[in-house]
Amino acid sequence: MRNSLDLDGRPQDTRVVVAMSGGVDSSVTAALLKAEGYDVVGVTLQLYDHGAATHRKGACCAGQDVYDARAVAERIGIPHYVLDYEHRFKEMVIDRFAASYVAGETPVPCVECNRSIKFRDLLTTARELGARVLATGHYVASRALPGGERALYCAREAERDQSYFLFATTRDQLDILRFPLGDRTKGETRALARQFSLSVAEKHDSQDICFVPTGRYTEVIERLKPGAAEPGDIVDLDGRLLGRHSGIIHFTVGQRRGLGIAAGHPLYVVRLDAQARRVVVGPREALRTSRMRLRDVNWLGDGAIDQALCAGRHEVFVKVRSTRPPQPAWLSRGADGIEVDLVAGEDGVSPGQACVFYDAPEGQARVLGGGFIQSAVAARAVLPLREAIGASRVLP
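Okay, so let's go over this structure. Remember, it's a predicted structure, so these values are computed and weren't measured experimentally.

The rules behind the values
- Residues numbered from 1 in each chain as written.
- Predicted model: local features only at pLDDT ≥ 70, side-chain atom pairs only at ≥ 80, totals over all residues.
- Heavy atoms only, no water.
- Helix = DSSP H or I, 4+ residues; strand = E, 2+ residues; numbered from the N terminus.
- Rg over C-alpha atoms; globule rule 2.2 N^0.38 Å.
- Buried < 20%, exposed > 50% of the residue type's maximum accessible area, 1.4 Å probe, protein only.
- Contact = heavy atoms within 4.5 Å.
- Lys, Arg positive; Asp, Glu negative; His and termini not counted.
- Charge placed at Lys NZ, Arg CZ, Asp CG, Glu CD.
- Core = buried A, V, L, I, M, F, W, Y, C linked by side-chain atoms within 4.5 Å.
- Expected span 1.5 Å × (residues − 1).
- Pairing = 2+ DSSP bridges.
- Axes fitted to C-alpha atoms, helices over the stretch in contact; angles between N-to-C directions.
- Phe/Tyr/Trp six-rings, centres within 6.5 Å; stacked < 30°, edge-to-face > 60°.
- Parallel < 35°, antiparallel > 145°, perpendicular 65-115°, else oblique.
- Left-handed = near helix turned anticlockwise from the far one by under 90°.
- Nonpolar A, V, L, I, M, F, W, Y, C, P; charged D, E, K, R; others polar.
- Right-handed = clockwise from strand over helix to strand, strands pointing away.

1. Brief notes about the overall build of the chain
Helices and strands together make up the secondary structure of the chain, namely nine helices and 17 strands. For 396 residues, the compact-globule formula gives about 21 Å, and the C-alpha radius of gyration of the chain, at 22 Å, lands near that figure. If you line up the chain on its principal axes, its C-alpha atoms span 70 × 50 × 35 Å. Counting all 396 residues of the chain, 53% fall into the buried class. In the chain, the share of contacts with a sequence separation of at least 24, taken over all contacts with a separation of at least 6, comes to 66%. For the chain, the centre of its 51 positive side-chain charges and the centre of its 49 negative side-chain charges are spaced 2 Å apart.

Put into structure tokens, the structure is as follows:
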């Protein structure tokens with residue numbers, strides 16, 4: 001007989017490690033599984049120096065959050081361990097974030113944290129503790145496929161869905177990961193926290209980039225990469241000099257405010273040339289992107305990605321930012337790797353962002369994988385999509 005975690009055996013004979021960040025979501029996850037009779041062990045990762053962030057709203061995995069996780073573990077009666085992952089987190093997440101930003105990219109550190117820390121190192125720890133599964137408080141769903149493998153799906157509540165940050169999860173990892181909150185709403189989660197009398201029931205949600213104490217990325221980057229904020233030129237699309245800047249780390253693709261130059265029409269950051277220390281600006285229409293080349297692609301669809309692309313291209317729906325809805329696109333293999341052609345185009349696409357694939361534009365769509373954007377090609381620089389792949393194949 002299968003239990004609620006889709007495993008053979010009684011809950012009391014099933015050890016589960018719960019990743020407890022100190023927030024309401026992971027706390028409720030632990031409490032729910034304990035209430036169902038599972039042998040629950042809580043693990044909290046100390047990820048970074050919490051001195052400046054202890055009392056800051058939006059911090060996680062540091063300072064007060066560690067104490068909150070311990071208090072919840074005591075309340076529900078489970079063992080709790082705090083593991084020092086600061087060095088690993090700095091090496092794999094913070095340093096990579098800074099290097100990416102200096103290179104003119106827009107990194108997504110939460111993806112790297114899940115990939116390199118939580119779903120790799122912590123999974124190893126879970127196995128060492130004798131656990132059959134690792135459970136987290138992420139709002140994403142995992143379900144078994146007919147062949148026995150597990151697939152990743154969007155959360156029931158679209159506003160809370162975190163699948164964008166979990167696209168790099170591997171099939172092997174999905175086999176032993178569980179997400180008990182994926183089919184619940186945030187309101188239901190808080191109600192359960194009150195029902196279990198958890199001290200974190202009304203605690204605010206953590207922000208995405210937890211290791212930026214002031215919320216200003218440039219301060220972190222300048223501390224880690226002294227001299228990164230070197231001055232350079234601001235130029236238009238034709239290379240004409242419009243002004244000077246104090247470092248490309250102060251700019252992101254799509255930015256309009258704070259350019260420090262006067263023009264007769266609105267200008268936006270279109271591209272960052274890190275090697276030449278140039279900020280390239282242009283009109284809004286220059287932000288439109290039709291094609292992206294990806295790196296580090298992780299495929300979670302049926303079979304291998306080459307099978308999906310055997311016909312030349314594969315219809316998907318993609319997100320290039322976590323807050324935007326999936327839009328229709330075509331996945332194909334180009335000369336330099338996997339490429340994505342956007343049917344309607346997208347504004348403000350930047351190298352370093354994640355591009356996540358889904359099998360549907362809404363609802364609890366299946367996550368088919370994703371990759372990081374290596375480069376983006378402006379809409380005006382590629383053939384119209386109807387000419388490139390045939391008007392009969394393009395979605396309306």
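2. Quick word on the nonpolar core
One recurring pattern in soluble globular proteins: nonpolar side chains tend to sit buried together. Counting residues in each nonpolar core, the largest one holds 54 residues, and the members touching the most others are F89, I117 and F211. At eight residues, the largest contribution of residues to this core is made by helix α4 (residues 109–128). When neighbours within four sequence positions are excluded, F89 is seen to be in contact with L47, Y48, I94, C113, I117, C210 and F211.

3. Description of helix α1 (residues 24–35)
Along an α-helix, a turn takes 3.6 residues, which lines up residues three or four apart on a common side. If you check α1, its first and last C-alpha atoms are 16 Å apart, about what twelve residues at 1.5 Å a residue would give, namely 16 Å. Taking burial as the measure, the twelve residues of α1 include ten buried ones, the bulk of the element. Three or more residues of α1 are buried, namely V24, D25, S26, S27, V28, T29, A30, A31, L32 and L33. For α1, the elements touching its buried residues are β1 (15–19), β2 (39–46), α2 (64–76), β4 (133–135) and α6 (186–195).

4. Thoughts on the pairing of strand β9 (residues 241–245)
On a regular strand, one side chain projects to one face of the sheet and the next to the other, so that they alternate. Across four bridges, the pairing between strand β8 (residues 232–235) and β9 is antiparallel. Bridge pairing in β9 links D233 to R244. From the end of β8 to the start of β9, which pair antiparallel, there are five residues, and G239 there has a positive phi angle of about 85°.

5. As for the sheet that holds strand β15 (residues 337–347)
Pairing within the closed barrel is antiparallel, and its six strands lie in the order β12-β15-β14-β13-β16-β17. When strand polarity is set aside, the average angle formed by the axes of neighbouring strands in this sheet is 45°. With eight bridges joining them, strand β12 (residues 288–299) and strand β17 (residues 367–378) adopt antiparallel strand pairing. If you follow R293 over to β17, its bridge partner there is S375.

6. Points about the side chain of T29
By the element assignment, T29 lies in helix α1. We classify T29 as buried; its relative accessible area is 0%.

7. Some thoughts on the packing of aromatic side chains
Per the counting criterion, the structure on display carries nine aromatic pairs. A centroid spacing of 5.5 Å and a plane angle of 45° characterise the contact between F97 and Y101, whose relative ring orientation is tilted. With F97 and Y101 both in helix α3 (residues 86–102) and four residues apart, the pair spans about one turn of that helix. Note on F97: relative accessible area 2%, which makes it buried. Using a relative accessible area of 8% as the deciding quantity, one classes Y101 as buried. Both rings, one in F167 and one in F372, keep their centres 5.4 Å apart while their planes meet at 70°; by these two values the pair is edge-to-face. Placement of the pair is F167 in the loop between β6 (150–154) and α5 (171–176) and F372 in strand β17, with a sequence separation of 205 residues.

8. A short note on the packing of α3 against α4
Each pair of packed helices gets described by two things: the angle between the helix axes and the distance between those axes. At their nearest, the axes of α3 and α4 sit 9 Å apart, and the two run at 160° to each other. As far as their axial angle goes, α4 and α3 are roughly antiparallel. In this structure, α3 meets α4 at a crossing whose hand is right-handed. In this structure, α3 uses R88, F89, M92, V93, R96 and F97 to contact α4, whose residues at the interface are P109, E112, C113, R115, S116, I117, R120 and D121. A class-by-class count of the residues in the contact of α3 with α4 yields seven nonpolar, one polar and six charged.

9. Description of the sheet that holds strand β11 (residues 278–282)
Pairing is mixed across the open sheet formed by four strands, whose spatial order is β9-β8-β11-β10. Across the chains shown, the open sheet's two edge strands, defined by having one partner strand only, are β9 and β10 (268–273). In this sheet, neighbouring strand axes are inclined to one another by 25° on average, regardless of whether the strands run parallel or antiparallel. In this sheet, β11 lies alongside β8 in parallel orientation, the contact comprising three bridges. Each residue of the ladder has a partner; that of V235, found in β11, is V280.

10. Some points on the pairing of β2
Where burial is concerned, most of β2 is hidden: seven out of the eight residues are buried. Of the strand pairs in this sheet, β1 and β2 are connected by five bridges, and their pairing is parallel. Within the sheet, the bridge partner assigned to V17 lies in β2 and is V41. In this fold, the crossover linking β1 to β2 by way of α1 has right-handed handedness. One ladder, built from five bridges, connects β2 with strand β3 (residues 80–84); its direction is parallel.

11. A word on unusual backbone geometry
Positive phi is not limited to glycine here, since S197 has a value of about 55°. Residue position: S197 is located in the loop between α6 and α7 (217–224). On the basis of relative accessibility, which here comes to 45%, the residue S197 falls in the partly exposed class. Phi at R277 takes a positive value of approximately 55°, unusual for a residue other than glycine. Relative to the elements of secondary structure, R277 occurs in the loop between β10 and β11.

By themselves, these observations are geometric and do not establish any function.
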